[in-house]
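Per-entry structural report
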Amino acid sequence: MFTPVSVDITSYDSEQTGVEVLQQGKYKPKRTTSVQSDLSKVESASTNLRQMLQTVIEYVDNVMAGKVQADVTVGRNLLDLVSSIPKIDPEEFENMLNANMKDLLMVMYLANLTRTQLLLNEKINSIPA
């Protein structure tokens with residue numbers, strides 16, 4: 001009765017967050033989802049990156065072992081990917097990553113502190129004089 005239609009969703013970088021949130025709710029029965037915190041976004045992005053790297057490693061290992069025919073296009077894309085990575089000292093990269101993580105944790109701490117202050121202020125103001 002209905003013919004399936006393949007759909008590609010394209011978005012700008014700034015819209016990507018909203019599209020990802022909408023995509024999370026498509027398999028849930030109530031079709032509801034919530035926006036993740038920044039720290040959980042970092043965690044999910046790291047997990048996705050690890051899974052994609054594992055897929056690439058398996059492909060390269062299979063090509064090197066002769067189990068899979070090598071694809072020239074994939075090889076060129078991998079070469080472009082590897083050559084686009086900036087050459088950074090591992091210690092400098094770790095310091096940069098730690099600094100960004102500390103900034104993120106500080107923002108989360110300040111947001112929670114502000115939320116607590118607002119709740120205390122509401123409770124104090126609701127006490128009859």
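The rules behind these values
- Residues numbered from 1 in each chain as written.
- Predicted model: local features only at pLDDT ≥ 70, side-chain atom pairs only at ≥ 80, totals over all residues.
- Heavy atoms only, no water.
- Helix = DSSP H or I, 4+ residues; strand = E, 2+ residues; numbered from the N terminus.
- Expected span 1.5 Å × (residues − 1).
- Contact = heavy atoms within 4.5 Å.
- Axes fitted to C-alpha atoms, helices over the stretch in contact; angles between N-to-C directions.
- Nonpolar A, V, L, I, M, F, W, Y, C, P; charged D, E, K, R; others polar.
- Buried < 20%, exposed > 50% of the residue type's maximum accessible area, 1.4 Å probe, protein only.
- Patch = residues over 30% accessible without salt bridge, like charges linked within 9 Å, V, L, I, M, F, W, Y side chains within 5 Å.
- Areas by Shrake-Rupley, 256 points an atom, 1.4 Å probe, with all protein chains shown as cover.
- Salt bridge = Lys/Arg side-chain N within 4 Å of Asp/Glu carboxyl O.
- Lys, Arg positive; Asp, Glu negative; His and termini not counted.
- Charge placed at Lys NZ, Arg CZ, Asp CG, Glu CD.
- 1 Å grid on protein atoms, 1.4 Å probe; cavity = no way out; pocket = protein on both sides within 12 Å on 5 of 7 lines; lining within 4 Å.
- Points joined across faces, edges and corners; volume = space filled by probe spheres on them.

Its 28 residues give helix 2 (residues 38–65) an end-to-end C-alpha distance of 40 Å, which sits within 8% of 40 Å, the value for a rise of 1.5 Å per residue. Looking one or two residues past helix 2, Gly66 carries a phi angle of roughly 85°, positive in sign.

Turning to the environment of Val19, a few remarks are in order. For Val19, the location among the structural elements is in helix 1 (residues 16–24). Along the primary structure Val19 and Thr3 are separated by 16 residues, whereas in three dimensions their C-alpha atoms are 25 Å apart. When residues no more than four places from it in sequence are discounted, the contact partners of Val19 are Ile9 and Ser11.

Interaxial distance between helix 2 and helix 4 (residues 90–126) falls to 10 Å at its minimum, and their mutual angle equals 145°. Where helix 2 abuts helix 4, its residues Asp38, Leu39 and Val42 lie against Met101, Leu104, Leu105 and Met108. Looking at the contact of helix 2 with helix 4, its residues break down into six nonpolar, no polar and one charged.

Attention now goes to unusual backbone geometry. Of note in the backbone geometry, Arg31 takes a positive phi value of approximately 60° without being a glycine. For Arg31, the location among the structural elements is in the loop between helix 1 and helix 2.

With 13 residues, helix 3 (residues 72–84) ought to run about 18 Å at 1.5 Å a step, and its terminal C-alpha atoms sit 18 Å apart, in line with that. Across the 13 residues of helix 3, zero count as buried, placing the element largely on the outside.

Another aspect to go through is a negative patch on the surface. Together, Asp89, Glu91, Glu92 and Glu94 make up a negatively charged patch on the protein surface. Relative to the elements of secondary structure, Glu94 occurs in helix 4. Its relative accessible area of 49% is what places Glu94 among the partly exposed residues.

Right, let's talk about the layout of surface pockets for a bit. Estimated volume of the largest pocket: approximately 220 Å³. Lining the largest pocket, in full, are Thr17, Glu20, Val21, Gln24, Val35, Gln36, Lys41, Ser44, Ala45 and Asn48. At the level of elements, helix 1 and helix 2 are the ones that each hand at least two residues to the lining of the largest pocket. By residue class, the composition of the lining of the largest pocket is three nonpolar, five polar and two charged. Here the second largest pocket defines a volume of roughly 190 Å³. What lines the second largest pocket is simply Leu49, Met52, Leu53, Val56, Ile57, Leu78, Leu81, Val82 and Ile85. Secondary-structure elements contributing two or more residues to the lining of the second largest pocket are helix 2 and helix 3. The dominant element in the lining of the second largest pocket, judged by the number of residues it contributes, is helix 2, at five residues. Here the lining of the second largest pocket is composed, by residue class, of nine nonpolar, no polar and no charged.

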